[in-house]
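Chain and residue survey
Chain by chain, the residues:
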Amino acid sequence: MTLSENNSEGKELESHEALDRPRRIPIWLVVVWVLGILAATTLHLFADALNDSLAQQDAGVIFFITVGIWVLCCACLFTWLIFFSRWNFWISRVLPLSVVMLIAIFLILYKPRHGGNAEIVGWEPRFWRSELEMVEGSESADLSVSGPNDFWQFLGPHRNATLTGTAILADETPHVVWKQPIGKGWSGFAAVGEYAVTMEQRGGDELVNCYRIADGTLAWTYRHEARYQDPTNLGGLGPRGTPAIVDGRVYASGGTGILVCLNGQDGRLLWDVDVPELLGIKQNFSTTMTGLRYSQEDSKLPWGRAASPLVHEDLVIVPGGGPRNGPFVSLIAFDRITGVERWRGGEQMISYGSASVARINGQDQIIILNESSVAGHDPISGDELWRHERAGNSDTDANCSQPIAVADDLILIGKGYGLGGELLRVQGNDVVSVWKNSLVVKTKLTVPVVFQDHIYCLSDGILECTELMTGKRIWKRTRFSQGQLLLVGDKLLVHSQSGTLHLVQASPVNYQEFENFRIDTISGVCWNMLCLHNRSQLLVRSELEAALIQIPVLDEKIAGNSDYIFLSGDDLAER
């Protein structure tokens, strides 16, 4: 063999060795990961500022972008490892494939629990039940006698998340009286006398449960076979509406649209109406991995019926809706004693808001937020008196936040999904927009409140103060996510999505939080509306737990004295 042949053979061996030699991590992959980490960190740290700059986008977009960044980074790493790294077989093949398989197995066994901006806040099993078992109550309850301090319906006595005549003692500390598990759902509590009612999902049944407020003991249970479940799990499962208690009767509307009237003493059914069936809407039935049958109506309401019944004089009023392609009915009114239909009003597709009563230009009107409009109706005939277009689609960027009448001719509307707030002036049959601002009042699952010509709300989950008549933001501080708030006197009770209670001064001067009020109350996602009964008994709940929190308040009779008196729920009940 010649020298040249030896050199040629040596070069071939070196070439083969070079082809088999493990490669170093390439610069482009390092750059991808560095940029990915920087981008994800920036999105996390400056999410609030980005939400403001992306005025026309939902806050959940940032979450999906962050997830996309991590998926892209991992895909680049695994692709290089498997096909181009030439690393050890166990590292280049087995390790990435094992990670992918473990993630896939986990996603098969568990599904995510989402917050209000689509963020993942927990996980729950797919193939075995994590819900509470069925319960039965056997006591009687007295819901017939109501007083001025009862929280008898959704958003309180005036259906505006505002309570007057109560002064919270900010220098005292609230305490949890009791806490216990509760059935799934987003219903809040309604309370009269010594009892509170709420709706729950347990297995294949939808329940209306009545609890003794003092200790959380179950008094009575009503149930019927119905189960609403969102297949994407973005909206969770169970009933969404909060019951109303009037003259000893309980009115409740579930996630599948069944409206019931119950005897408040024992939960006995007095009458019921299947609203979707009444409107010719078909139900599509499916079965969960655990064998439970659930339904979704064939309409543009993929997140279930969320309206709380409105009781006005001798009527109980709920949104209607219709099949996916119409025709639509905005509102349906029933005789609250017999359940007989009294009228239908409007021809708009509904959204996820509840009807409310407002006195507009000296006339009582039923205000309803539809899929793409807000409208006022005559409470006697149901006729539509006026309508204002309000962008929205009930199967995507839905209208959820409750319209609030803030003056004789002014209505405030808020919305997430990048639309923001708007103040309307109603002049007879005409509606004029006073201002519209996509950067403020981005309320998604909560409602704005007004105090001394300023708006306070959770705008995309951050507490915000805005001038009522101009729509100009004054301040925006502290992320509570998609929780709930209640205006009590001159203070804001804020219950964060994660279950922490806060007390904030309602003042445009600056953001002032009372640190001693910050307590962890319950676990789970807290989208459920607050219920402050008897001025000091705060009932809170999530889809997992419920609790009673004793709030320190000032006795109205001695408000002029220098000595404060801490009132318990029993004290207030006696008074």
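This text goes with the structure placed above it.
These remarks concern the structure in this document. (Residues numbered from 1 in each chain as written. Predicted model: local features only at pLDDT ≥ 70, side-chain atom pairs only at ≥ 80, totals over all residues. Heavy atoms only, no water.)

**Overview of the overall build of the protein**
If you tally the helices and strands in the protein, you get 7 helices and 39 strands. Over its C-alpha atoms, taken along the principal directions, the protein stretches across nearly 110 × 55 × 50 Å. With 575 residues in all, the protein has 55% of them scored as buried. For the protein, the share of sequence-separated contacts (at least 6 apart) that also reach a separation of at least 24 residues comes to 55%. Of the roughly 24600 Å² that the protein leaves accessible, carbon and sulfur atoms contribute 55%. Of the charged side chains in the protein, 47 are positive and 66 negative, and the gap between their average positions amounts to 5 Å. (Helix = DSSP H or I, 4+ residues; strand = E, 2+ residues; numbered from the N terminus. Buried < 20%, exposed > 50% of the residue type's maximum accessible area, 1.4 Å probe, protein only. Contact = heavy atoms within 4.5 Å. Areas by Shrake-Rupley, 256 points an atom, 1.4 Å probe, with all protein chains shown as cover. Lys, Arg positive; Asp, Glu negative; His and termini not counted. Charge placed at Lys NZ, Arg CZ, Asp CG, Glu CD.)

**As for the packing of aromatic side chains**
Summed over all chains, the structure comprises 15 aromatic pairs. Geometrically, the ring pair formed by Phe89 and Trp90 is edge-to-face, given 5.9 Å between the ring centres and 80° between the ring planes. For Trp90, a relative accessible area of 60% gives the class exposed. Judged by centre distance (6.1 Å) and plane angle (55°), the rings of Trp303 and Tyr352 are tilted. (Phe/Tyr/Trp six-rings, centres within 6.5 Å; stacked < 30°, edge-to-face > 60°.)

**Looking at helix α2 (residues 27-45)**
Over its 19 residues, α2 extends 27 Å from the first C-alpha to the last, a length consistent with the 27 Å expected when each residue adds 1.5 Å. Looking only at α2, the buried set comprises Leu29, Gly36, Ala40 and Leu43. Summarising the axial view, the buried residues of α2 lie within an arc of 65°, below the 170-degree limit, and thus occupy one face. Those residues of α2 that are exposed and aimed more than 90 degrees away from the buried face are Ile27, Leu35, Leu38 and Leu45. (Expected span 1.5 Å × (residues − 1). Arc of directions from axis to C-beta.)

**Structural notes on the layout of surface pockets**
Reported here for the largest pocket is a volume of approximately 830 Å³. In the lining of the largest pocket, the residues fall into 15 nonpolar, 13 polar and 5 charged. (1 Å grid on protein atoms, 1.4 Å probe; cavity = no way out; pocket = protein on both sides within 12 Å on 5 of 7 lines; lining within 4 Å. Points joined across faces, edges and corners; volume = space filled by probe spheres on them. Nonpolar A, V, L, I, M, F, W, Y, C, P; charged D, E, K, R; others polar.)

**A few points about the environment of Leu530**
Secondary-structure assignment places Leu530 in the loop between β35 (519-520) and β36 (531-533). On a C-alpha basis, the gap between Leu530 and Phe154 in space is 9.0 Å, while along the polypeptide they are 376 residues apart. The contact partners of Leu530, leaving out residues within four places of it in the chain, are Phe151, Gln484, Leu485, Leu486, Leu493, His495, Leu538, Leu539 and Val540.

**Considerations on the sheet that holds strand β3 (residues 162-163)**
The strand order across the open sheet built from 5 strands is β3-β32-β33-β34-β35, with neighbouring strands paired in mixed fashion. With one partner strand each, in any of the chains shown, β3 and β35 form the two edges of the open sheet. Relative to strand β34 (residues 500-505), strand β33 (residues 491-495) runs antiparallel, the two being bridged by 5 bridges. Bridge pairing in β34 places Lys491 opposite Gln505. (Pairing = 2+ DSSP bridges.)

**Examining the pattern of salt bridges**
Tallying each qualifying case throughout the model produces 28 salt bridges. Close ionic contact of Lys111 with Glu124 constitutes a salt bridge, the shortest N to O distance being 3.9 Å. Of this pair, Lys111 sits in strand β1 (residues 110-114) while Glu124 is found in strand β2 (residues 120-125), placing the two residues 13 residues apart along the sequence. For the pair Lys111 and Glu124, one class covers both residues: buried. The closest approach of N and O atoms between Arg336 and Asp247, which form a salt bridge, is 2.7 Å. Within this pair, whereas Arg336 is found in the loop between β18 (329-335) and β19 (341-345), its partner Asp247 is found in the loop between β10 (244-246) and β11 (249-253), the two being separated by 89 residues in sequence. Among the residues examined, Asp247 registers a relative accessible area of 57% and is labelled exposed. (Salt bridge = Lys/Arg side-chain N within 4 Å of Asp/Glu carboxyl O.)

**Description of the packing of helix α4 (residues 60-83) against helix α5 (residues 89-109)**
Relative orientation of the contacting elements α4 and α5 amounts to 145°, with a least axis distance of 8 Å. For the pair α4 and α5, the sense of crossing is left-handed. Counting all contacts with α4, which are made through Phe78, Leu81 and Ile82, the residues of α5 involved are Ile91, Ser92, Arg93, Pro96, Leu97, Val99 and Val100. Looking at side-chain class alone, the contact of α4 with α5 contains 8 nonpolar, 1 polar and 1 charged residues. (Axes fitted to C-alpha atoms, helices over the stretch in contact; angles between N-to-C directions. Left-handed = near helix turned anticlockwise from the far one by under 90°.)

**Focus on empty space enclosed by the protein**
Under the counting rule described, the total for this entry stands at 4 cavities of 30 Å³ or more. What the largest cavity holds in volume is close to 130 Å³. Along the walls of the largest cavity sit 14 residues, with Arg113, Trp186, Asn233, Gly236 and Glu543 positioned nearest its centre. Of the residues belonging to the lining of the largest cavity, the class tally is 5 nonpolar, 5 polar and 4 charged. In this model, the second largest cavity occupies a volume close to 100 Å³.

**Some remarks on the environment of Arg227**
Here Arg227 lies in the loop between β9 (218-225) and β10. Between the C-alpha atom of Arg227 and that of Val488, which follows or precedes it by 261 residues, the distance is 35 Å. Side-chain polar atoms of Arg227 contact the backbone oxygen of Gly203, separated by 2.7 Å. (Polar contact = N/O pair within 3.5 Å; in protein donor to acceptor, adjacent residues only side chain to side chain.)

**Remarks on α5**
Look at α5: 29 Å from first C-alpha to last across 21 residues, which is about the 30 Å you get at 1.5 Å a residue. The sharpest bend along α5 reaches about 25° and sits at Leu95, with the proline Pro96 one to four residues further on. For α5, the side-chain oxygen to backbone nitrogen distance between the N-cap and Trp90 is 2.7 Å, and the N-cap itself is Asn88. (Bend = angle between axes of the 7 residues up to and from the residue.)

**As for the pairing of strand β14 (residues 283-287)**
The sheet contact formed by β14 and strand β15 (residues 293-297) spans 5 bridges and is antiparallel. Within β15, the position partnered with Ser286 by the bridge is Tyr294. Counted between consecutive antiparallel strands, the loop separating β14 from β15 contains 5 residues, among which Gly291 sits at a positive phi close to 90°.

**Regarding unusual backbone geometry**
Cis peptide bonds are those with omega within 30 degrees of zero, and the linkage from Gly326 to Pro327 qualifies with 0°. Positive phi, close to 70°, is recorded for Leu155, a residue that is not glycine. With relative accessibility at 2%, the residue Leu155 sits in the buried group. For Gln452, which is not a glycine, the phi torsion comes out positive at approximately 50°. In this structure, Gln452 sits in the loop between β28 (449-451) and β29 (454-459).

**Describing the sheet that holds strand β12 (residues 258-263)**
On the basis of which strands lie adjacent, the open sheet formed by 4 strands has the order β10-β11-β12-β13 and antiparallel pairing. Unpaired on one side and paired on the other, β10 and β13 (269-274) mark the two borders of the sheet. In this sheet, adjacent strand axes meet at a mean angle of 15° when their direction is disregarded. When β10 meets β11, the two strands line up antiparallel, connected through 3 bridges. Across the sheet, the residue bridging to Ala244 is Tyr251, located in β11.

Purely geometric numbers; function is a separate question.
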